[in-house]
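This is what each chain is made of:
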Amino acid sequence: KRQEQFHKQPSQNWPPHLDAYRQFASAIARRYGDRVRNYEMWNEPDINFYIGSVEYYVKMLEAGYRGVKSADPDLHVISGGIASLYHNLRKPGMVDAILRDGKPYFDSYGHHRHGEFRFFVEEVPLVQALMKKYDVQQPIFFTETAMDSRFGERHQAETLIKKAVYSWSRGAAGYTWFNVHDSYDPAKKHGEFYGLYTFAGFPKAAYVAHATLARNLLNLSYKQKYDLGSDNLYAYAFG
């Protein structure tokens, strides 16, 4: 029946059996727990990377959480990274179900949202309003969010700084850039050029921005925001 139901979909998008998923999560955590501390429970389950129901995903989240924690209770479990509140393929009710019913089974709520900073800064407060609605005390973790270089390398680098620092100011537990390097095929669509490196291994401006940000803010903490008075211009202080 599973094959009949899902045969037209890539097999990696099928919802797994819960016991198998729990055992797999436990095995992965036992094997890599000394090197990998964060475990995200599926990639973008709100769109077609996962083709099961909303209710079944919450059961998967619980199974994965229990599997990882059985290997090491101190490992950090993140809910499946949501693509966006506005994605045209999103499953209605997925974000609400994760925050309402799944909150015992994650240490951070995972969210993505690629694209320009102006869209990111509009969506994040809406996500956090939903978290407040369901009394989610855990922090948000931006597990995959970036900007490609369709508007040039400088724009990509500036977006990296803005997104990362803004996320930090909103109390995020972490921020992960996507991707390490560009696609091998320069004829592909703009979405293949999210990398910090070209596919040939040359660092882009975004790599320099990332390294500079890490070097200057390492071991500091966010202090406050300064409104600079015009055109939505503001700055952040760290210390």
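First, a word on scope: everything that follows refers to the structure included in this document. (Residues numbered from 1 in each chain as written. Predicted model: local features only at pLDDT ≥ 70, side-chain atom pairs only at ≥ 80, totals over all residues. Heavy atoms only, no water.)

### Considering the overall build of the protein
Piece 1. Scanning the protein from N- to C-terminus turns up seven helices and seven strands.
Piece 2. The principal-axis extents of the C-alpha atoms in the protein amount to approximately 55 × 45 × 35 Å.
Piece 3. In the protein, buried positions account for 45% of the 239 residues.
Piece 4. Sequence-distant contacts, at least 24 apart, represent 68% of the contacts inside the protein between residues at least 6 apart.
Piece 5. Of the accessible surface of the protein, which amounts to about 13300 Å², a share of 53% is contributed by carbon and sulfur atoms.
Piece 6. Each charge class in the protein can be summarised by its mean position, and for the 30 positive and 26 negative side chains these summaries are 2 Å apart. (Helix = DSSP H or I, 4+ residues; strand = E, 2+ residues; numbered from the N terminus. Buried < 20%, exposed > 50% of the residue type's maximum accessible area, 1.4 Å probe, protein only. Contact = heavy atoms within 4.5 Å. Areas by Shrake-Rupley, 256 points an atom, 1.4 Å probe, with all protein chains shown as cover. Lys, Arg positive; Asp, Glu negative; His and termini not counted. Charge placed at Lys NZ, Arg CZ, Asp CG, Glu CD.)

### Brief notes about the nonpolar core
Piece 1. Among the nonpolar cores identified, the biggest contains 54 residues, and M41, Y57, V68, I98, L99 and Y109 are the most heavily contacted of them.
Piece 2. Among the elements of the structure, α2 (18-32), α3 (54-71), α4 (94-101), α5 (117-133), β4 (140-142), α6 (153-169), α7 (205-217) and β7 (234-238) are those that each provide at least two residues to this core.
Piece 3. Residue contributions to this core peak at eight residues, all from α3.
Piece 4. In contact with I98, not counting residues within four places along its chain, are Y57, L61, S79, I82, K103, F106 and Y109. (Core = buried A, V, L, I, M, F, W, Y, C linked by side-chain atoms within 4.5 Å.)

### Description of the packing of α2 against α3
Piece 1. Closest axis-to-axis distance for the α2/α3 pair is 7 Å, and the angle between their directions is 35°. α3 is crossed by α2, and the crossing has right-handed handedness. Contacts between α2 and α3 pair L18, Y21, R22, A25, S26, A29 and R30 from the former with Y56, K59, M60, A63, G64, G67, V68, S70 and A71 from the latter.
Piece 2. Counted by class, the contact of α2 with α3 contains nine nonpolar, four polar and three charged residues. (Axes fitted to C-alpha atoms, helices over the stretch in contact; angles between N-to-C directions. Left-handed = near helix turned anticlockwise from the far one by under 90°. Nonpolar A, V, L, I, M, F, W, Y, C, P; charged D, E, K, R; others polar.)

### Some details on the pattern of salt bridges
Piece 1. Considering all chains together, one arrives at 11 salt bridges under this definition.
Piece 2. Note that R113 and E123 form a salt bridge whose closest N and O atoms lie 2.8 Å from each other. Here E123 lies in helix α5 and R113 lies in the loop between β3 (109-111) and α5, a separation of 10 residues in the sequence.
Piece 3. Using a relative accessible area of 1% as the deciding quantity, one classes E123 as buried. (Salt bridge = Lys/Arg side-chain N within 4 Å of Asp/Glu carboxyl O.)

### Brief notes about the sheet that holds β4
Two pairing modes exist for strands in a sheet, parallel and antiparallel, and in both the strands are linked by backbone hydrogen bonds.
Piece 1. The three strands are arranged β3-β4-β5 in an open sheet whose pairing can be described as parallel. Two strands bound the open sheet, and with one partner strand each, they are β3 and β5 (174-175).
Piece 2. Looking at chain direction, β3 and β4 are connected through three bridges and run parallel. Bridging from a neighbouring strand, G110 pairs with F141 of β4. (Pairing = 2+ DSSP bridges.)

### With respect to the packing of aromatic side chains
Describing an aromatic ring pair means giving the distance of the ring centres and the angle of the ring planes.
Piece 1. Counted under the stated rule, the structure contains 14 aromatic pairs.
Piece 2. Taken together, a centroid distance of 6.0 Å and an interplanar angle of 80° make the contact between W42 and Y50 edge-to-face.
Piece 3. A residue is classified by how much of its surface remains accessible, and W42, at 15% relative accessible area, is buried.
Piece 4. Arranged with centres 5.7 Å apart and planes meeting at 65°, the rings of Y222 and F238 form a pair that is edge-to-face. Here Y222 is found in strand β6 (residues 222-227), whereas its partner F238 is found in strand β7, with 16 residues between them in sequence.
Piece 5. A network of ring pairs unites the aromatic residues F117, F120, F142, Y166 and Y175 as a single cluster. (Phe/Tyr/Trp six-rings, centres within 6.5 Å; stacked < 30°, edge-to-face > 60°.)

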